[in-house]
Amino acid sequence: MTLPVWHPESLAARMPFLHRRAALTRTVRAFFHDRSYTEVETPYAVPAPGEEVHLRAFATTREHPDGTRENLWLHTSPEFAMKRLLVAEAGPIFQFARVWRNGEASALHAPEFTMLEWYRPGAGMDSLIEETTELLRSVLPPVVHCRGVTTDLSRFERLTVADAFTGYVGVDLLAIGEDAAALAAAAGVRLRDNENWEDLFFRLLLERIEPVIGREHPTFLTHWPAAQAALARRDPTDPRVAERFELYVCGIELANAFVELTDPAEQRARFLVERQRRHAMHGPDWDLDEDFLAALEHGMPPSAGIALGFDRLAMIVSGAHRIGQVLWLPSADLG
């Protein structure tokens, strides 16, 4: 019989991991304070949680004192709020934010979890990678063990998405472009029913690339195809790719980072495309975030930012096998 999470024996089994998590929180805060970052807090319930096609938000309602009601959503990331603070000239900022993503539950996913996000005006991809490397070396031991994988932090690998597809899939991703049939043929796979280029891109990434990177050493997977730019700007030297990277440690996807897109017209155009795709899949939801676009119009400084899954970092530092082991009161379906 499985004990409830509030049972003393259940908590006692998690306490070694939770003590490591608490120590990790202290050392991360110290890292950013020593670098003149300001810790911020932004609202969790927001009118628009973003335009990401594949993230599902939790809905809620605010009741105003005059009796009117307002539809709100629990944010999937504090990104948009923190970028508003960059516009307001808050300077380098970081946040431990509770975030919500509906429909997610596994050994590595929780529907409510903690995101560590930080933004530095004037930073580029190289400086953000260097800072992230310094952070991990400051808060993790030189060698970490998690989920059966041992990773040595003495060296960090940089690998472009194009080079990863060349080396592990055997295709020239950028030459093929966004042609799903051509990508399937080059990769030697059958295109599934209703599978588009994006679906196939992620299938190949998940099946052939992610299982072999970020294991012996951490891997920064950089320069994503422009179609996967998300909120990153295109690389000025090669518009086929965006200045985006993801970080893998112990074979776990740990962080996602952008050199931020600051052009309000391009951001609006991307939002409209993503809204159309999301509404086609799930139906209408929230209004376009005009306040965020107005902030970009006012002027956001050139910046780089990163979102790091703090619970996963706690798993890595403590050697936990499941995300529920590093949560004080995990839900029952977290693997």
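Refer to the structure above for everything that follows.
Just so you know, these numbers come straight off a predicted model, no measurement behind them.

**Details of the environment of A81**
- For A81, the location among the structural elements is in helix α2 (residues 79-87).
- Linking A81 and T42, residues 39 residues apart in sequence, is a C-alpha distance of 6.3 Å.

**Notes on the sheet that holds strand β3 (residues 58-63)**
- In space, the 3 strands of this open sheet follow the order β2-β4-β3, with antiparallel pairing throughout. Sheet topology places β2 (45-46) and β3 at the edges, where each strand pairs with a single neighbour.
- Two elements, β3 and strand β4 (residues 69-74), share 6 bridges in a ladder whose sense is antiparallel. Bridge pairing in β4 places E63 opposite R69.

**Brief notes about the pattern of salt bridges**
- Throughout the structure, instances matching the rule amount to 24 salt bridges.
- The salt bridge involving R84 is made with D289; its shortest N-O contact spans 2.7 Å. Within this pair, whereas R84 is found in helix α2, its partner D289 is found in the loop between α8 (264-282) and α9 (290-298), the two being separated by 205 residues in sequence.
- You can call R84 partly exposed: its relative accessible area is 24%.
- For D289, a relative accessible area of 10% translates into the label buried.
- Notably, a salt bridge pairs E246 with R244, separated by 3.0 Å at the nearest N-O pair.
- Of the residues examined, R244 reaches a relative accessible area of 7% and is grouped as buried.
- In the salt-bridge network here, residues are joined through shared partners; they are E51, R275, R278 and D285.

**Remarks on α8**
- With 19 residues, α8 ought to run about 27 Å at 1.5 Å a step, and its terminal C-alpha atoms sit 26 Å apart, in line with that.
- Where α8 is concerned, the buried positions are P264, Q267, R270, F271, R275 and R278. All buried residues of α8 project into a common sector of 140 degrees when viewed along the axis, lining one side. Turned more than 90 degrees away from the buried face of α8 sit A265, Q276 and A280, all of them exposed.
- Packing partners of the buried residues in α8 comprise α2, β11 (234-235) and α9.
- N-capping of α8 is provided by D263, with a side-chain oxygen placed 2.9 Å from the backbone N of A265.
- Immediately beyond the C-terminal end of α8, within one or two residues, lies G283, with a positive phi of roughly 90 degrees.

Calculation criteria
- Residues numbered from 1 in each chain as written.
- Predicted model: local features only at pLDDT ≥ 70, side-chain atom pairs only at ≥ 80, totals over all residues.
- Heavy atoms only, no water.
- Helix = DSSP H or I, 4+ residues; strand = E, 2+ residues; numbered from the N terminus.
- Pairing = 2+ DSSP bridges.
- Salt bridge = Lys/Arg side-chain N within 4 Å of Asp/Glu carboxyl O.
- Buried < 20%, exposed > 50% of the residue type's maximum accessible area, 1.4 Å probe, protein only.
- Expected span 1.5 Å × (residues − 1).
- Arc of directions from axis to C-beta.
- Contact = heavy atoms within 4.5 Å.
- Polar contact = N/O pair within 3.5 Å; in protein donor to acceptor, adjacent residues only side chain to side chain.

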